[in-house]
Amino acid sequence: MTTDDDTTLWWARYRAAGPQRVAPASAYPAGMTRLVEPDASAVWLLPALPDNARPDVLDELGLAGVAVDQPNDTARVLAACLRCCWTEPSGPVWPAAPAPYDQVVAVFRAVTGNRDERALHAAAMGAARRLAGAGWVLFDEDARVVRLGPRVASWSAAELSTLRELWRSMPAPEREA
Amino acid sequence: MTIFDTVLADLNERHRDEVMAAFAALEHGREPVAEAQLLALRDATVRRDLQRLLFRMGRTLVRVGSTHWTSGFRDDVTAQLAAEGATAQSRVDRAVLVLVLIHSVAIPRSQGLIGGDSWTSGHPTPVDELTRYTQLPRGEIRPALQRLRAAGLVQIAPARGRAAPTDGPAYLPGPALHRLTKPARERLEHELILAAAPDSPLAAAIRARRPAAAAAVATPTRTSTTERNEDT
Amino acid sequence: MTAGPELTLDQLAGDAAVERLYRQVFAVLARESGAMISDVELLDVDEAILDAFADAGRDGLTVDQAVAACRPIDPGLIHRRFEVLRDYGAISKVVERPHERFHRAAFAPYVMLLFLRRLAEQGGQAELHQLLTLEHVSVTAPDAGPETGQTTISRLTRIFRHLGNELAILAAGSTAEQLGDHAQLLWGNKGLISQAEEVHTVVLTRWPQLDRECTALRIALAAYGDAVEKAAGRLIEQAGTTRALGLLSVETWLSFARTASEDDLAGVLDTFVFDAPAPWFSPNLLTEAVESGRSAATVRQPPPRPEGSAPPPPDDLRPADDATGLRETAERLLNSGDGDTVAVAAVLDGVGDWLAARRVLADLTAIHHHPDLEYELTWSDGFRVDPERSPAWASEGTFRRTA
């Protein structure tokens, strides 16, 4: 395989299996962003798309994107993860910090209110799993810990400033003493 | 140099924008896109540049019907990824998807109810066929259906035409199946026949043709396929 | 011709296939070319006439009675078919004398008619299997002699020569469509061949002197096998992407779907790759979702959905929106029990009238069937009736959490 073919396969792997986690010393193809894990134990590879080839182009074209079950709750849980994990919103969104899942649920509750507690937990869990399945968050269900996933690195600088505003408008998670 | 730089370097700004927009529409969109909607699909010259870009990413243009386009994995890349096991779907996900394809495509075909060569269909698979009448572990089917829905491989059938919403949901193959290239669609048909009726003369005929077909895939056809779209 | 203009092309095509078979079957009986029936509907008329005779009892029927019994079929048509059936002896006078008006029907034509219909519906495979079974019975009978064996073997040889020839010629010279129409000739061929081989073994073991006849049968079977292979090859070659799927029977698909293991099913897709889920969450979408959640938070959640009060959401949104409401209903109902299970009767006792109870039942069923909700509704056979309550009866069902 030539280098060209290697690059091709990296793009295809990302498409077929989501963001790729590789050993830190691995060679990586041109045009991919390297996201180093906080402990430098591994690296995520995420393709960098030029501005006018990103998913938000669909809106301009009036085309539908990938369908998401429970889109609103899923977006709210992602926002809650962002609020809890992105401890320094002035800085980059990756790698951010791990947060207890219960904290995320508490923020989710605060932005949805008045729901039956069980229904609320079920909705949060469904959304967290969905987000984890697509690489937007990393969710350790046994340890009940949530982190932001590699896909968050695909938000552009302009998009991150919108998210900072959202971050500020959301209730702060109650930190344990 | 990124793939985009390399492939699009020689294009003028307008063509570059058209190719990028079409790339985004095909790669990120839920459904195939109408040829009339985008210049890069309408104009054969620009479409060739789009195909070159997709090709470098392991993808290719896939024609849907006579008026729409989407993108999917190149056949040689599919073979490579499948051999590596680079996939987002678990075994039970795939088993459930196969059941939906049997009920929504294969059986209506045997009944003469559908034509065309698509793996999508308007014939719903009742959820009972998935949960009650199969050998799959019942508890794993719902999560599998959720994951398949997230990947666009199945979708919930519209309630229209069903007697009451309490009949329970029914499933259809999802829009992601449009992304199968023509050779992949045919291969899927053969794999299904081999699995469902391994002793049938049809299966024997498929097996008899296999070595030749495998050799054809292994032969590098790269230079010719970059320049043209294979699926028209 | 009785085929009206309202018939669709499909119906005509189907009729044509049936008629072809009838023509083939009756060809041996036709007195001369052109004397065959040319319209399948005439068979329906014949059947109606014969049915009328069966129902008429021992007195038989006059032509006029037959016409009356066959209404609304056109009386002229009945008269004509009556004459034809009488010419061929299928119907005859009760007593052979001038001016006798009453007729009786023979039994054999009716059996033939039924046989034909089955042959037309199932392509003759079942009949062949039955024939092979009968031949097997006859050659294994203790009193059977070499003549029986010889007759059987040559009969089977001819049958398989016919089958093989028909397929071979089709495979060599017809389009995939024509071949597809005869796809049933390909089904179950293994079973037919092995049944014939069993008969062959019995005969050869009992009467080794029939070696020459048995060799002929083996050759015919091999030729049939070859023809099947060639025809299947041609079908696969020409069928294209999903057309060959239709060449397997519905039963084959159903039995595979229902009996295959997870590995067998998943194995079909071993060499395929699909895109990973890659939903896009724009910052605007996140912001809107959070804001709409907050405003909803100040409004109380509505009680269980009243029937048909609001226009339904678009179809692809319904499942997503349904789940939240249904889940809340489920939890509310479970909380009236022990939190994880509740008796349906108890739930129904808690609602006011039958209409409300029906709504709750509809909700329970919808929750049970919803793909995202981990609850189930199970029914036992018990049935509680209590006229003092509303509703006055309730089935013994349980609603519970499954995960």
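Residues numbered from 1 in each chain as written. Chains lettered and ligands numbered in written order. Predicted model: local features only at pLDDT ≥ 70, side-chain atom pairs only at ≥ 80, totals over all residues. Heavy atoms only, no water.

Looking at an unreviewed UniProt entry, chain C carries the name DUF2397 family protein, with the source organism given as Jiangella ureilytica.

Looking at an unreviewed UniProt entry, chain B carries the name DprA winged helix domain-containing protein, with the source organism given as Jiangella ureilytica.

Trainee: I tried to follow the packing of helix H9 (residues 182–196) of chain B against helix H11 (residues 250–259) of chain C on my own but got confused; where do I start?
Mentor: Working note: a packed helix pair is described by the angle between its axes plus the distance between those axes. Contact pair H9 of chain B / H11 of chain C: the axes reach a minimum separation of 10 Å and the direction vectors enclose 80°. Comparing the axis directions of H9 of chain B and H11 of chain C gives the class roughly perpendicular. Here Leu192, Ile193, Ala195 and Ala196 of chain B of H9 of chain B lie close against H11 of chain C, whose contacting residues are Thr252, Trp253 and Phe256 of chain C. For the contact of H9 of chain B with H11 of chain C, the per-class residue count stands at 6 nonpolar, 1 polar and no charged. (Axes fitted to C-alpha atoms, helices over the stretch in contact; angles between N-to-C directions. Helix = DSSP H or I, 4+ residues; strand = E, 2+ residues; numbered from the N terminus. Parallel < 35°, antiparallel > 145°, perpendicular 65-115°, else oblique. Contact = heavy atoms within 4.5 Å. Nonpolar A, V, L, I, M, F, W, Y, C, P; charged D, E, K, R; others polar.)

Trainee: Looking at this model, I keep getting lost on the interface of chain B and chain C. Mind explaining?
Mentor: A common way to report how large an interface is uses the accessible area buried once the components associate. Contact with chain B, which involves 74 residues of that partner, is made by 56 residues of chain C. Three residues stand out in chain B for area buried against chain C, namely Arg91, Arg142 and Leu202 of chain B, and they jointly supply 11% of the buried area on that side. When contributions to the side of chain B that touches chain C are tallied by element, the ones reaching two or more residues are helix H5 (75–84), helix H6 (91–110), helix H8 (138–150), H9 and helix H10 (201–218) of chain B. Here the side of chain B that touches chain C gets 14 residues from one element, more than from any other, and that element is H6 of chain B. (Buried area = accessible area lost by both parts, 1.4 Å probe.)

Trainee: I would appreciate a short explanation of the domain arrangement of chain B in the present structure.
Mentor: Domains assigned within chain B are domain 1 (3–73), domain 2 (88–175) and domain 3 (181–218). The centre of domain 1 of chain B, based on its C-alpha atoms, is set 30 Å off from the matching centre of domain 2 of chain B. (Domains from an automatic or database assignment.)

Trainee: What's the story with the confidence of the model for chain C in this structure? I'm lost.
Mentor: Detailed reading of the predicted coordinates is not advisable wherever pLDDT is low. Residue and element names in this part refer to chain C. With 69% of its residues at a pLDDT of at least 70, chain C reaches an overall mean of 76. Element-level pLDDT for chain C is lowest in helix H1 (residues 9–27), with a mean of 56, against a maximum mean of 96 in helix H12 (residues 262–267). Taken as a whole, residues 1–12 scores under 50 in pLDDT and shows 9 contacts with residues more than four places along the chain or in a different chain. Here residues 299–321 is modelled with pLDDT under 50, and outside its nearest four sequence neighbours on either side it reaches 25 contacts, counting other chains as well. Reported confidence for the predicted complex is 0.94 by ipTM and 0.71 by pTM. (pLDDT = per-residue confidence, 0-100.)

Trainee: What am I meant to see in the interface of chain B and chain A here?
Mentor: Contacts between the two partners involve 35 residues from chain B and, on the opposite side, 30 residues from chain A. The largest contributions to the chain B side of the interface with chain A come from His28, Arg30 and Arg56 of chain B, which together make up 21% of the buried area. Between the two partners, chain B and chain A, sit 3 salt bridges. One salt bridge in this structure joins Arg149 of chain B and Asp69 of chain A, with 2.5 Å as the shortest N-O distance. Remark: the boundary between chain B and chain A carries 10 residue pairs in polar contact (both at pLDDT 80 or more). For the side of chain B that touches chain A, the elements supplying multiple residues, two or more each, are helix H1 (3–8), helix H2 (13–28), helix H4 (44–56), H5 and H8 of chain B. Tallying contributions element by element places H2 of chain B first for the side of chain B that touches chain A, with 8 residues. Across the side of chain B that touches chain A, the residue classes tally to 18 nonpolar, 7 polar and 10 charged. (Salt bridge = Lys/Arg side-chain N within 4 Å of Asp/Glu carboxyl O. Polar contact = N/O pair within 3.5 Å; in protein donor to acceptor, adjacent residues only side chain to side chain.)

Trainee: I tried to follow the sheet that holds strand E6 (residues 145–148) of chain A on my own but got confused; where do I start?
Mentor: Sheet strands associate in pairs through backbone hydrogen bonding, adopting either a parallel or an antiparallel arrangement. Residues and elements named next belong to chain A. Reading across from one edge, E4-E6-E5 is the order of the 3 strands in this open sheet, with antiparallel pairing throughout. The open sheet has two edge strands, strand E4 (99–100) and strand E5 (137–140), and neither has a second partner. Note that E5 and E6 share 4 bridges and pair antiparallel. Considered in E6, the bridge of Val137 is made with Leu148. With respect to the sheet, helix H3 (residues 71–85) is in contact with E4, E5 and E6, its orientation differing from that of E6 by roughly 90°. (Pairing = 2+ DSSP bridges.)

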